[in-house]
Amino acid sequence: MEEMFHKKSEAVRRLVEAAEEAHLKHEFDADLQYEYFNAVLINERDKDGNFLELGKEFILAPNDHFNNLPVNISLSDVQVPTNMYNKDPAIVNGVYWSESLNKVFVDNFDRDPSLIWQYFGSAKGFFRQYPGIKWEPDENGVIAFDCRNRKWYIQAATSPKDVVILVDVSGSMKGLRLTIAKQTVSSILDTLGDDDFFNIIAYNEELHYVEPCLNGTLVQADRTNKEHFREHLDKLFAKGIGMLDIALNEAFNILSDFNHTGQGSICSQAIMLITDGAVDTYDTIFAKYNWPDRKVRIFTYLIGREAAFADNLKWMACANKGFFTQISTLADVQENVMEYLHVLSRPKVIDQEHDVVWTEAYIDSTLADDQGLVLMTTVAMPVFSKQNETRSKGILLGVVGTDVPVKELLKTIPKYKLGIHGYAFAITNNGYILTHPELRPLYEEGKKRRKPNYSSVDLSEVEWEDRDDVLRNAMVNRKTGKFSMEVKKTVDKGFRCGALQRPWEILLPRERNRRRRPA
């Protein structure tokens with residue numbers, strides 16, 4: 001298994017080196033004209049039979065390694081989110097220098113024919129995928145996919161973080177502004193992963209926790225918790241006067257108290273402020289809680305077109321190592337929210353921390369086999385700018401990754417050493433199952449309807465005899481060794497149950513989903 005992990009990680013590392021070298025040699029050209037293969041437009045023709053712009057002929061052939069999907073194993077192509085302009089200078093320049101990854105994609109596939117998809121997700125939003133494949137929009141002509149919202153991107157690009165989101169619900173936020181504010185919160189939640197912890201507080205003259213049962217603490221940003229908070233966002237309504245000082249005091253106290261418990265990320269901390277204005281800079285509060293160390297970054301989102309209070313919000317962000325942005329319409333939300341990821345990635349970029357991350361298991365619906373949908377995990381690594389003029393600023397270029405079918409992990413396990421009742425399983429650093437005989441992601445065998453939380457099943461939910469989480473905690477804390485405990489084993493398809501003393505052995509491969517703390 002160590003050898004397999006090493007091969008996948010080395011493939012990703014070669015992509016990182018090639019991408020950083022290509023960007024180092026590239027000079028940005030605002031007038032650059034470059035015809036690339038757009039994954040949506042390839043092979044598309046107009047009424048006169050001519051290929052569309054960015055839609056040149058792109059040879060596709062069915063390949064049994066990719067479930068007989070029509071792909072091009074010589075070239076990659078590029079997907080650009082629907083809400084972004086295909087010929088934006090930042091997009092065109094990024095696509096141009098990342099074209100050099102084609103050689104590395106092909107070389108990696110030649111070295112390791114078991115590789116599936118390889119890709120580069122740019123911080124600018126475009127997604128280069130190998131082998132090249134045609135993307136089809138939905139019935140509304142939209143492709144909602146944005147690589148920067150994917151877990152592999154978020155985990156590789158940033159360190160774990162504790163976040164308090166403050167939402168202004170004073171009277172001036174009525175109507176469209178409150179709608180934009182709610183969408184901004186939802187987009188921030190999209191950028192949080194299982195390594196992160198958060199809470200949401202609405203404020204006017206009083207504080208209103210979006211989930212009152214969870215006041216004064218933070219919760220893990222897993223799918224269940226994020227969906228639960230999203231449902232409660234609809235209950236917010238605007239009235240009264242915004243007392244930001246009360247909200248800031250509460251946010252700093254939560255982050256401080258939670259950090260002392262040792263339960264959170266124990267890494268980056270941030271306060272996200274979503275408001276239509278601030279009448280003061282609140283420097284006394286920052287001096288009390290955050291200066292001179294500035295351990296908590298402040299990100300401010302000004303809602304609406306008016307800029308009367310923009311200076312105060314800009315000052316708050318800059319004085320606390322954060323970022324300011326203005327969101328005027330719903331269309332602006334996605335791109336503006338993404339800006340904070342660049343700031344939080346700076347410590348990793350400046351220190352050149354190329355951490356390898358492995359995600360939890362998820363279903364790839366494009367590569368179904370004879371047993372149904374395929375469980376995948378992704379190995380990913382960040383790509384940094386090495387240009388002298390930007391290196392000190394900590395510029396994240398994007399994230400490269402490759403998918404690994406879980407069944408490839410299982411092939412490396414010597415089943416003959418496990419015994420008749422033995423089995424092997426693997427978990428992530430959060431205790432979520434990567435592979436386990438009792439992991440059932442679908443409601444029914446052979447069906448395609450997946451359970452909503454199949455990718456965040458905790459080990460304690462299937463190894464229920466481990467009541468004190470002895471086994472789970474030992475694995476999460478990277479301990480090795482052997483021990484035994486009594487378990488109940490079902491036989492005859494679950495009709496009978498027996499107790500037996502089962503020995504356990506915990507092994508750690510050298511290549512791990514290991515997160516470092518930022519400087």
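Residues numbered from 1 in each chain as written. Predicted model: local features only at pLDDT ≥ 70, side-chain atom pairs only at ≥ 80, totals over all residues. Heavy atoms only, no water.

## Some thoughts on the overall build of the protein chain
When helices and strands are counted, the protein chain shows 14 helices and 20 strands. Classification of the 519 residues of the protein chain by burial places 52% in the buried group. Taking as baseline every contact in the protein chain between residues at least 6 positions apart, the subset at least 24 positions apart corresponds to 71%. (Helix = DSSP H or I, 4+ residues; strand = E, 2+ residues; numbered from the N terminus. Buried < 20%, exposed > 50% of the residue type's maximum accessible area, 1.4 Å probe, protein only. Contact = heavy atoms within 4.5 Å.)

## A short note on the nonpolar core
Grouped together as the largest cluster of nonpolar side chains are 75 residues, with contacts concentrated most on Trp-152 and Val-400. A per-element tally of this core places helix H1 (residues 2-25) first, with nine residues. Among residues more than four places away in sequence, those in contact with Val-400 are Val-12, Leu-15, Val-16, Tyr-119, Phe-120, Val-379, Ala-380, Met-381 and Val-383. Counting 36 residues, the second largest nonpolar core, distinct from the first, contains Val-163, Val-169, Leu-189 and Ile-200. (Core = buried A, V, L, I, M, F, W, Y, C linked by side-chain atoms within 4.5 Å.)

## A closer look at the layout of surface pockets
Its boundaries defined by the atoms lining it, the largest pocket holds a volume of some 1400 Å³. It is strand S14 (residues 362-369) that provides the largest number of residues to the lining of the largest pocket, a total of five residues. A per-class count over the lining of the largest pocket returns 15 nonpolar, eight polar and 14 charged. (1 Å grid on protein atoms, 1.4 Å probe; cavity = no way out; pocket = protein on both sides within 12 Å on 5 of 7 lines; lining within 4 Å. Points joined across faces, edges and corners; volume = space filled by probe spheres on them. Nonpolar A, V, L, I, M, F, W, Y, C, P; charged D, E, K, R; others polar.)

## Examining the environment of Arg-177
Residue position: Arg-177 is located in helix H5 (residues 176-190). Judged by relative accessible area, which is 23%, Arg-177 ranks as partly exposed. Arg-177 sits 152 residues away from Thr-329 along the chain, and the two C-alpha atoms are 8.6 Å apart. Apart from the residues lying within four places of it in its own chain, the contact partners of Arg-177 are Ser-172, Asp-276, Ile-303, Gly-304 and Glu-306. Polar contacts involving the side chain of Arg-177 include one to the side chain of Asp-276, which spans 2.9 Å. (Polar contact = N/O pair within 3.5 Å; in protein donor to acceptor, adjacent residues only side chain to side chain.)

## With respect to the confidence of the model for the protein chain
As a note on interpretation, predicted positions should not be read in detail where pLDDT is low. Residues of the protein chain with pLDDT of at least 70 account for 89%, and the chain-wide mean is 87. Across residues 511-519, where pLDDT falls below 50, the model places 36 contacts with residues more than four positions away in sequence or in other chains. (pLDDT = per-residue confidence, 0-100.)

## Brief notes about the packing of H1 against helix H3 (residues 101-111)
At a closest axis distance of 10 Å, the pairing of H1 and H3 adopts a crossing angle of 165°. In this view, H1 runs roughly antiparallel relative to H3, as classed from their interaxial angle. Here H1 and H3 pass one another in a crossing that is right-handed. In contact with Ala-11, Arg-14, Leu-15, Ala-18 and Ala-19 of H1, H3 contributes Leu-101, Val-104, Phe-105, Asp-107, Asn-108 and Arg-111. Its residues assigned to classes, the contact of H1 with H3 shows seven nonpolar, one polar and three charged. (Axes fitted to C-alpha atoms, helices over the stretch in contact; angles between N-to-C directions. Parallel < 35°, antiparallel > 145°, perpendicular 65-115°, else oblique. Left-handed = near helix turned anticlockwise from the far one by under 90°.)

## Description of the packing of aromatic side chains
Applying the stated criterion across every chain yields a total of 24 aromatic pairs. Ring centres 4.6 Å apart and planes at 45° place the aromatic pair Phe-5 and Trp-358 in the tilted group. Taken as a pair, Phe-5 in helix H1 and Trp-358 in strand S13 (residues 357-358) lie far apart in primary sequence, 353 residues in all. Exposure remark for Phe-5: the relative accessible area of 8% places this residue in the buried category. (Phe/Tyr/Trp six-rings, centres within 6.5 Å; stacked < 30°, edge-to-face > 60°.)

## Regarding helix H9 (residues 310-318)
Those residues of H9 lying buried are Ala-310, Leu-313, Met-316 and Ala-317. Looking down the long axis of H9, one finds its buried residues gathered within 130° of arc, a one-sided arrangement. Counted as exposed and oriented over 90 degrees from the buried face of H9: Asp-311 and Cys-318. Of the surrounding elements, those touching the buried residues of H9 are helix H7 (244-261), strand S10 (268-275), helix H8 (283-289), strand S11 (296-303) and strand S12 (323-327). (Arc of directions from axis to C-beta.)

## Some remarks on the pattern of salt bridges
Two side chains carrying opposite charge are able to pair once their charged atoms lie near each other. Summed over all chains, the structure comprises 21 salt bridges. With its nearest N and O atoms 3.3 Å apart, the salt bridge here joins Lys-151 to Asp-194. Here Lys-151 is found in helix H4 (residues 151-157), whereas its partner Asp-194 is found in the loop between H5 and strand S7 (197-203), with 43 residues between them in sequence. Between Arg-230 and Glu-227 there is a salt bridge, with its nearest N and O atoms 3.1 Å apart. Residue Arg-230 and its partner Glu-227 are located together in helix H6 (residues 223-233), separated by three residues, close to a single helical turn. Relative accessible area serves as the criterion here: at 18%, Arg-230 is assigned to the buried category. Among the residues examined, Glu-227 registers a relative accessible area of 37% and is labelled partly exposed. A single network of salt bridges, built from pairs that share partners, joins Lys-7, Lys-8 and Asp-112. (Salt bridge = Lys/Arg side-chain N within 4 Å of Asp/Glu carboxyl O.)

## Brief notes about the pairing of S11
In terms of burial, S11 is a largely internal element, eight of the eight residues being buried. Neither face of S11 is open: one carries Val-296, Ile-298, Thr-300 and Leu-302, the other Arg-297, Phe-299, Tyr-301 and Ile-303, and all of them are buried. Sheet topology note: the S10/S11 ladder contains seven bridges and is parallel. Of the residues in S11, the one forming a bridge with Ala-270 is Arg-297. Relative to S12, S11 is paired through five bridges, and the arrangement is parallel. Paired with Ile-303 across the two strands is Ile-327, which belongs to S12. You can see the chain leave S11, run along H9 and come back into S12, and the turn it takes is right-handed. (Pairing = 2+ DSSP bridges. Right-handed = clockwise from strand over helix to strand, strands pointing away.)

## Brief notes about the environment of Gly-481
Its place among the elements puts Gly-481 in strand S19 (residues 481-491). For Gly-481, a relative accessible area of 30% translates into the label partly exposed.

## Quick look at the pairing of S7
Most of S7 is tucked away: seven of the seven residues are buried. Neither face of S7 is left uncovered, since the one carrying Phe-197, Asn-199, Ile-201 and Tyr-203 and the one carrying Phe-198, Ile-200 and Ala-202 both have all their residues buried. In this structure, strand S6 (residues 161-168) lies alongside S7, joined through seven bridges in parallel fashion. Its bridge partner lying in S7, Asp-162 is registered against Phe-197.

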